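# Reading the structure
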Amino acid sequence: MRAYLARRLAAMVPIVILVGTIVFLLIHLTPGDPAVIMLGPDAPDEAVTRLRQELGLDAPLLTQWFRWFQRVLVGDLGTSIFFGLPVTTTIRQHLLPTVLLSALAISIAVGIGVPAGIISAVRRGSLMDQGVTLVAFLGVSVPEFWLALNLVLLFSVYLGLLPVAGYASPASGLWTSLRYLVLPAFTMGFVQSALIARMTRAAMLDVVAQDYMRTARAKGLSSQRVTLRHAFPNALIAVVTVVGIIFSVMMGGNVVAETIFTIPGVGQLLITSVLRRDYPVIQGIVLLIAAAYVVINLLVDIVYAAVDPRIRY
Amino acid sequence: MPRIPPPPRVAAEPISPWRLRWRLMLRRPIVILGGLILIGLFLTAALAPMLAPANPQRMEIADRLRPPSAVHPLGTDDFGRDVFSRVLYGIRLSLAIGTAVVVISTAIGLPVGLAAGYMPRLDNLLMRLMDALMAFPAVILAIALMAALGPSAVNVAVALGIVYSPRMARIIRGSVLVVREFEYVTAARSLGLSDAMIMARHVLPNCMSPAIVQGTFIFAYAVLGEALLSFLGAGVPPHIPSLGTILSGGRVYMGQAPWITVFPGLAIMLLVIGLNLFGDGLRDAFDPRLLRGGTA
Amino acid sequence: MSGMRVVLALTLAGLLGTVASGWAQPPAPQRGGTLTVAISADPPALDIHSTTAYLTEIVAWHVFEPLFTYDKNFQIIPMLAEGYKVGDGGKEYTITLRSGVRFHNGREMTSRDVVASLQRWVKMAVVAVPFFRDDIEAIEARGARTVVVRLKQPSGILIAALAQPIQLAGIYQQTVADAAGTRRITELSELIGTGPFKFTRWVPGQAIELERFDGYSARAGSPDGYGGQKVAYADKLRFVIVPDVQTRINGVMTGQYDYAESITPDAYGDLRNNPKVRTLILKPYGQPMAVFNKRRGLFTDRRMRQAFLAALDMSKVMAGTFGNPLMFRVDGSLMFKESPWYSREGLGPYNRRDLATARRLLAEAGYRGQPVRWITSAAFDWAYKPALIASQQLEEAGFNMDLQVLDWATVLSRRANPDLYEVFSTSFIFSPGVDPPIQPVIISPTWPGWWTTEEKDRLIGRLIREPDPAARKRLWEDVQRLYWEDVPGIKFGDFFNLAIARPGVQGLATRPDLFFWNVWIAP
């Protein structure tokens, strides 16, 4: 097991570097000059050239990549062109909102999706199953941003129950913080819960049809016991995979929710940095996301091993 | 003498797996419903030029932001363009882009998945590459590609096709891993057939079902993805009617002119519901356990 | 008896009148509370010398003050300065400073702080200053209360440049200005000014917080435009970053924000009738424009440009872009109506919508249907919508339009390359006291578009050196006449900025550059 872990963590480095390099190429080959954006369109040419030199943008591409690579190896992600602050600081300031939002959204998604999927599978064909299936359908079919817009209209503008947008850090009160996060988390969570419900249902149905389930029932175990102790843990693998994928997607910062609800998270930072051509921040965030994705994948695999005694690394 | 039951009846000829699948498909009402929705939408899209009462690009500033009426069944937008015509063309564009995305993602994902599944030496490398691609937040990759390539429907399709190709590759690979162990493949190998031949003639046809199912889901992702990209301003140019651009443009007018945003949203939902119904139905129909015969 | 009744009635009437007039008076300003302002994006910096960004200006000028500023008629008045004298034929400016002005840390401002700040600002400023930067011989202190600027050539625009709100010539402490050089300052502890508010917190992406500076040295008298007496009624000022316009609107409606800037002009009609918000039209604001590539390609030929202009219906373009007629003006004068440079000379060719003339000119120029590439961005309504509407009008005249909608960064980078476009979208934003020769968007030969004609260069050259205001106005009118004949670019019209506030917020001005001193929240 330990050897496996070590191998996986070692594999992480080349993947992350690879992703970082692809992004580096992509954004540097995109038209648009961060120096011009910083100084404004009316800036005289010599000011722009001076700033480009200061930022190191006038060196050949390979040199720039190499400088970046060297710095990344020691953990220095550079300085944001737009803010003038270190990239790590900038990202750190935007990280907490995204983490909070993702955690809340995933809780909602799993909290709704898994029980719904189980019930749906256990009472297959019943009215409840059909109801859940229908709602889950709508959930995966609705465009998330459309849902967000309408939820805001309903809950914030018409009913005045929740704030329209924004973010309050938990430092200013947990309840206040939650009030701001509820709508965006629910928007993200609902759509993902539909997916999780469907996956859970399918996985449960798969398992229920297996031979060992018939054996358990034949042994005379109660139906509920059969479900919880035998069916569900085996369905768990599929569910955990999906949850893992979703969480890593969310870690990318859900751009839609963060934009519409003005959550100053990593996703919003990434979009605005792309628009501003703030190369160091873009690369820093992508590295972070890639690393998070790989780590989460690894965690998922470990959970597999814990849940399924047949799996051995 | 005890009565001996008559011998069991034997079918006159074996049913090909494809015909079996077809029949299973038709037995399920959700497949039919999904299929009908899709057929309806495809027809609408194909006939859009005839169905649309007005040129979707034609601006009449004097008529801007008019509510639905006889002349403009879904009202007009902030440039005085007919929303109904734009939604029709938007459906057409969404379907076109969706198809293109499925084609591109399959064109990339199929060879990668086949190679990874069949040749273990390449598996690790290819799957790690696919991992790296999936580690990318899809939206960001698409936005970056769009900024590099410039906004156009083709570039949106290319960007999304690249973004979704790992999903196709994974499904194909999984399927290949299973098929590889089938007896007739082992037999073919022992007969000395080349890897390429085996992949093409034996492995590939058996992966088609999961590929088709995944294809319908990628289609759905593509429709939603294009809408999102256009909504964020990184998709199709805003004057081209796509379901996403209409939504995006109408957003500021949600109070004054809700008809601009309601209908494209419903159209997207209808399209994606149709695709999901159809895909789910296909997946159930193609379930290998049902094909093996015996009790389900 | 009836006499008594009359007296009683009169007394009652008198009492009622007094009470009523008391009610009719505006509520007295209240101190206290936090004013929350929703702004549309992150300011790139809070160091006001370092950038021309509008958002930096409106946030940071609560903290930093300039020597001069503009009054309600956009005339120059002193702010930190007491006054100034010009000598030596316009080559020496002697500026006297107010005394007793304190920085946020309690230190008194002296001429050494001013000299260090001006020296830094002059090196970093990109608007106006480049015209005379090389002419500056020295900026020196003469005693604790006087600063002298000596120039090699006379300049008519030095004081105007010191007063312009964009990239404000704010006064920093000497030690900070000297130590920073041209490096952008990011530490709040160094961003110390003399203004009515001081910075307390900056969380990029989220908010910038300020609080009242109790030791602020206000000017005597009353508020006047951007200057005069400034009082910080609110205890705290909070600028929150809300990039999405619909969210800004919703936030004011629900009371989450007190004020939101940069609201889509088209929303005016709807918001005007909403009792939960007060709409504020900020005029003047800007002009959407299209600029031709005159260095290479189709539009090096003047007839092509004139044909383009002749095909346009400006009323439709402006109405389609901004919606409500209260949010825009169809006016061809290059300088705004509110500016002393406004003129109606030479506006004949503007807004003619004459398809016959357009087609004739196209034929004369030998146009064969080559695509006209117009680069614009959907990021700004004033860039995208005029381009779209005008394109339809131009197609009707026979142009073959190729509208390219890109992201803003790409537009900025492409317009420097004459091989990549025929037309690009831009805007001209109002700046008080603006002197036409210092506006690159219209005049400069090196600015993208490249308007270089002998006559224009000659006129502008004379304009820069001419001291007599009447003569300058006449020269400017000649430039405007030339503009609409030669058509280096197209001005579509004037538009105004829309902001909204909660009804309880009092004291707000409708000037184009926002500020929140002298603003309070009614209970």
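That block above? That's the structure.
Keep in mind it's a predicted model, so treat the numbers as computed, not measured.

### Some details on the packing of helix α4 (residues 83-118) of chain B against helix α7 (residues 153-179) of chain B
All names here are of chain B. For the pair α4 and α7, the least separation of the axes is 5 Å and the interaxial angle reads 40 degrees. Regarding the angle of α4 to α7, the classification is oblique. Two packed elements cross with a definite hand, and for α4 against α7 that hand is right-handed. Of the residues that constitute the contact of α4 with α7, the class distribution is 25 nonpolar, seven polar and two charged.

### Things to note about the packing of helix α5 (residues 87-122) of chain A against helix α12 (residues 266-276) of chain A
Each packed pair of helices is defined by two parameters, the angle between the axes and the distance between the axes. All names here are of chain A. Orientation of α5 relative to α12, taken along the N-to-C sense of each, is 135 degrees, at an axis distance of 7 Å. Between α5 and α12, the interaxial angle falls into the category oblique. Here α5 contributes I91, H94, L95 and T98 to the contact with α12, which in turn contributes V266, G267 and L269. Across the contact of α5 with α12, the residue classes break down as four nonpolar, three polar and no charged.

### What to know about the pairing of strand β18 (residues 423-429) of chain C
All names here are of chain C. Where burial is concerned, most of β18 is hidden: five out of the seven residues are buried. Pairing between strand β14 (residues 278-292) and β18: seven bridges, direction antiparallel. Residue A290 lies in a different strand from β18, and its bridge partner there is S425. Pairing analysis gives two bridges linking strand β16 (residues 371-377) to β18, with the strands arranged parallel. For W374, the partnering residue across the bridge sits in β18 and is V423.

### Digging into the nonpolar core
Counting residues in hydrophobic clusters, the biggest one holds 329 residues, and the most contacted among them are I285(A), A142(B) and I500(C). Looking at which element gives the most residues to this core, the answer is α4(B), with 17 residues.

### Some details on unusual backbone geometry
For the peptide bond that leads from K283(C) to P284(C), omega is -10 degrees, which places it in the cis range. With respect to the helices and strands, the residue P284(C) is situated in strand β14. Non-glycine residue L65(B) carries a positive phi angle of around 55 degrees. As for its position among the elements, L65(B) is in the loop between α3 (48-51) and α4. C-beta crowding within 10 Å serves as the criterion here: with 20 such atoms nearby, L65(B) is assigned to the buried category. Positive phi values are uncommon outside glycine, yet Q167(C) reaches one of about 50 degrees. With respect to the secondary-structure elements, Q167(C) resides in the loop between α4 (158-163) and α5 (174-180).

### Points about the sheet that holds strand β4 (residues 81-87) of chain C
All names here are of chain C. The strand order across the open sheet formed by four strands is β4-β5-β7-β6, and the pairing between neighbours is antiparallel. Edge strands, defined here as strands with exactly one partner in the open sheet, are β4 and β6 (136-141). The mean angle between the axes of side-by-side strands here comes to 15 degrees, regardless of whether they run parallel or antiparallel. Pairing of strand β5 (residues 92-97) with strand β7 (residues 146-151) involves five bridges; the strand directions are antiparallel. By the bridge assignment for β7, E92 is matched with R150. The strands that helix α3 (residues 111-124) touches are β5, β6 and β7; relative to β6, the one it contacts most, it runs at about 155 degrees.

Conventions and cut-offs
Residues numbered from 1 in each chain as written. Chains lettered and ligands numbered in written order. Predicted model: local features only at pLDDT ≥ 70, side-chain atom pairs only at ≥ 80, totals over all residues. Axes fitted to C-alpha atoms, helices over the stretch in contact; angles between N-to-C directions. Helix = DSSP H or I, 4+ residues; strand = E, 2+ residues; numbered from the N terminus. Parallel < 35°, antiparallel > 145°, perpendicular 65-115°, else oblique. Left-handed = near helix turned anticlockwise from the far one by under 90°. Nonpolar A, V, L, I, M, F, W, Y, C, P; charged D, E, K, R; others polar. Contact = placed C-beta atoms within 7 Å. Buried ≥ 20, exposed ≤ 12 C-beta atoms within 10 Å, placed from the backbone. Pairing = 2+ DSSP bridges. Core = buried A, V, L, I, M, F, W, Y, C linked by C-beta atoms within 7 Å.

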